[in-house]
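This is what each chain is made of:
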Amino acid sequence: MSTIKPTNTTVWQTSGGDNSRRGLFNSAINIAPKPKRRLKTQGSIQTPVIFDQHGTAFVTDMAGGVQAYCPEGNPIWSIQLDSGISAAPVLQTDDERLFVGTHNGMVYALNASNGKEIWHKEIPSKQDTRILSDFLFNQKNNTIVLNSWGGKFYSLNAKNGDVKNSWDAGISPYAGASANRDGELYCLRAVWDKGIQFVRIGIDGQEKTLFQHDQQKKPATRLTVSAEPVLDEEAGVIYFITNIDQKSYLNAWSIKNEKILWKRSFAKYIYATPTLLTNGAIIIADLNGDVHAISQDNTRLYRYATGCEYLLSSAVSDANDNVYIGDPLGKIHKIKINDIGKPFFEAERSIQARPSIDKEGSLYMPSTDTYVYVF
Amino acid sequence: MRNNQNILHNAPKCPGGILSRRNFLKYTAAAALITPTVASVDYANADNEPKNIPRAPVSIGLCKRYDFADVRRALAVMLDDLGDVRKLVKNKFVTIKVNLVNTSEEDVAGIPVYLSVTTHPIVALALGSLLVDYGAKRITFCDQLPFRLPDKEAFLGYGFDLEQFNQAMDGKARFENTRNLGQHKDYALIKVPNGGEIASAWEVNQTYAKTDVLISIGKLKSHVSGGVTMGMKNLIGVPPSSLYGDDIKNEPDENAIGYRGRTVHTCESKPLTSVDTYTGKWVIQDHGYNVPRLIVDLNAAFPIDLTVVDGISTIQTAEGWWNGSMVSVTRPGLLIAGRNAVCTDSVSAAIMGFDPNAADRTHPFANGTNYLAMSRRKGMGENRINNIEIVGVNIEKARFEYQPTYQRVNS
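Residues numbered from 1 in each chain as written. Chains lettered and ligands numbered in written order. Predicted model: local features only at pLDDT ≥ 70, side-chain atom pairs only at ≥ 80, totals over all residues. Heavy atoms only, no water.

1. Describing the overall build of chain B
Of the regular secondary structure elements, chain B holds 12 helices and 16 strands. Looking at chain B as a whole, 62% of its 411 residues are labelled buried. When contacts within chain B are restricted to residue pairs at least 6 apart in sequence, those whose partners lie at least 24 apart make up 74%. Of the roughly 14,300 Å² that chain B leaves accessible, carbon and sulfur atoms contribute 48%. (Helix = DSSP H or I, 4+ residues; strand = E, 2+ residues; numbered from the N terminus. Buried < 20%, exposed > 50% of the residue type's maximum accessible area, 1.4 Å probe, protein only. Contact = heavy atoms within 4.5 Å. Areas by Shrake-Rupley, 256 points an atom, 1.4 Å probe, with all protein chains shown as cover.)

2. Some remarks on the state of the cysteines
Applying the stated criterion across every chain, the model contains 0 disulfides over all chains. The thiol of Cys 308 of chain A is unpaired, and the distance to the nearest cysteine sulfur, on Cys 63 of chain B, comes to 13 Å. What makes Cys 308 of chain A buried here is its relative accessible area of 4%. (Disulfide = S-S within 2.5 Å.)

3. Regarding the interface of chain B and chain A
Between chain B and chain A, the residue contacts involve 37 residues of the former and 41 residues of the latter. Here chain B meets chain A over a buried area of about 3,100 Å², counting both sides, of which 46% is carbon and sulfur. Seen at the junction of chain B and chain A, the total is 6 salt bridges. The partner of Lys 218 of chain A in a salt bridge is Asp 107 of chain B, and the shortest N-O contact between them spans 3.1 Å. Our count for the contact surface shared by chain B and chain A stands at 28 residue pairs in polar contact (both at pLDDT 80 or more). Listed by contribution, the elements that provide at least two residues to the side of chain B that touches chain A are strand E3 (107–108), strand E14 (328–330) and helix H12 (395–398) of chain B. Sort the elements by how many residues they give to the side of chain B that touches chain A and E14 of chain B lands first, with 3 residues. Its residues assigned to classes, the side of chain B that touches chain A comprises 18 nonpolar, 10 polar and 9 charged. (Buried area = accessible area lost by both parts, 1.4 Å probe. Salt bridge = Lys/Arg side-chain N within 4 Å of Asp/Glu carboxyl O. Polar contact = N/O pair within 3.5 Å; in protein donor to acceptor, adjacent residues only side chain to side chain. Nonpolar A, V, L, I, M, F, W, Y, C, P; charged D, E, K, R; others polar.)

4. Points about the environment of Pro 328 of chain A
For Pro 328 of chain A, the location among the structural elements is in the loop between strand E27 (323–326) and strand E28 (331–336). As a C-alpha pair, Pro 328 of chain A and Lys 40 of chain A span 288 residues in sequence and 19 Å in three-dimensional space. Sequence-distant contacts of Pro 328 of chain A, that is, excluding residues within four places in its chain, are made with Cys 308, Tyr 310, Leu 311, Leu 312, Ser 350 and Ile 351 of chain A together with Arg 331 of chain B.

5. Comments concerning the packing of aromatic side chains
All names here are of chain A. Scanning the entire structure with this criterion turns up 31 aromatic pairs over all chains. Geometrically, the ring pair formed by Phe 51 and Tyr 364 is edge-to-face, given 4.7 Å between the ring centres and 75° between the ring planes. One end of the pair, Phe 51, is in strand E2 (residues 50–51); the other, Tyr 364, is in strand E31 (residues 363–366), with 313 residues separating them in the sequence. This pair shows no difference in class: Phe 51 is buried, exactly as Tyr 364 is. Geometrically, the ring pair formed by Phe 153 and Trp 167 is stacked, given 5.1 Å between the ring centres and 10° between the ring planes. With Phe 153 in strand E12 (residues 152–157) and Trp 167 in strand E13 (residues 163–168), the pair connects residues that are 14 residues apart, well separated along the chain. These aromatic residues form a ring-pair network of at least three members: Tyr 186, Phe 198, Phe 211, Phe 240 and Trp 253. Cation over ring: Lys 40 sits above Tyr 371, and NZ or CZ is 5.3 Å from the ring centre. Over the aromatic face of Trp 149 sits the side chain of Arg 130, whose NZ or CZ is 4.3 Å from the ring centroid. (Phe/Tyr/Trp six-rings, centres within 6.5 Å; stacked < 30°, edge-to-face > 60°. Lys NZ or Arg CZ within 6 Å of the ring centre and 35° of its normal.)

Spelled out as structure tokens, the structure:
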């Protein structure tokens, strides 16, 4: 079994840390069971916190608020956008711009240092304006990548919001794109009368459908696509989730051979993007309330029952392979390797967003009770 | 009992009250004479604002899980905050309309309907046991379910176990599937005060008429046609499939179990009631026009004495599994209760991050009419949040924003 070297990414400028969406922090973290501070917002929080190089934390909420806090937790600026925010924002690599999308279908480029708008763009939609997917910044061509319930993925010029490319996002575009180090994008989509497709978009905009999981009893309109592909480039594998009928499948895809290496089924759907461990194992949080650790060769390492009926959000992990996840009962769990896990804190209301880790190793857990708990 | 068809003068706690067919025909003939007045009412006109709009406090409680003790404890505090629920139910026959929608055989992403779409049985059980403690004589839990099974079995798929209910309620629980006559000999014909918007009367299972107290337990959800759905919208389940179902042909059918899409959504068909009860003032296939008006007509005919909203675990964006993958499971961890259904549902909408007094065809009423505002203009209750007293958890703390619903093309 190969060992993954955690990426050099210490600054999580996007959901899951970097464009691989792996959620693996590059060193061990040591946190106390009680939060050292809380960050207050106006609305419930259903998006991960992201950070700039200086440790500034950016928090978006369901009431349309965007807030910046210094590493000590003091507010720097806050603004109010046109509608709620469910899509994880992203920072440009040089920290200059923060990109945010709203339920009304607006994309904003904000000056990250003061929150002032640089540009905005309305994503066209006849029926459903919602932007729900995690944003991605592609440094290779200076674009941001997102989709909306208008049914399209967009690659927008980060400088001015002009559309550089667009492609079909399918029926239920909850999930954003992931990208490799060369800037190639990977995404999933549910396609009418077909099923779920795993797609690669080259840096030149060329689209290739790599794999299709055919629909079976349930039509594609009922197949939720909300987990993003997770890239393990060191191992040459991409993991992605397909929800078919009432089950879900974790698929391991060989980048080199362009074929499925193995797949494993789970009893319920999976909403949450998987998380990688340093040993190459993958962590799955399912709608049965369980956290599963599956090895690179498809062996079950553990199953941890959180005690909640379902899990809506993803986990993160550290260099010691400790896993951190929040559940809809508001409990935050730490799971050590070998299934030794327990909740160590309970927020007042549900947790429905992926946690984040800042460069100092502090864990930021957003809650729908309008607080981000910092451990 | 709230009424007996032989004692019509006692009936109108329901403002319309139950009518005999003979009286109904007399009424409809009289109504025809005054139709121009009724039809000319413009509810979008602020000048028609009633002077005394009913209002009642709304109580909010936080409750994370469907644990019987937790839910019961939370509801007990909330009902005491409302002040008069004990008196309301003491020595009374109570009907609780639960929201079980149209089948128990579906799910949302594998999550069972009671965690996503329908009233959770624990909320109904906890409320029922409290009401028994308060002195209720008998409590009938009802909805129309698309199953021809005996009532006890039909409810079981939704997690409603009659034995369990009777253990917690001293044997005072009953389940009734109101899809047809059920155990009754005839239907109740209930008129809508002032003629109604679309329905001038409703012909329904007697469970909704032969009761002292009507309670609605709804689920906290968005609704594509109605905008939001809680206690008031729950009454859309009252008209029986046997008279209103899509699967009936030329005459009423006691075996019908069909959805009521053509009669209470698209209005492409009239129900096969014993007398003509539809006014003709609908817009065929415009769900957003018809459904809100039918909600108002039902709530005018069947005033809800207590509304309880199950907002512990639910879905956002739309109302059911049939909306496909556009809905997602979410967990507000809330219970909401109030004596006035308009007030209660308006507070519920505000908790979801919506303006309960929003203009028609704007969010959350993106596809049609704001039935909460229409209800206020009809004098049924207050929907403007600043005019409603809130007890228990304050609304800022309770707030849990939902993702908005989609807009139908041409809405």
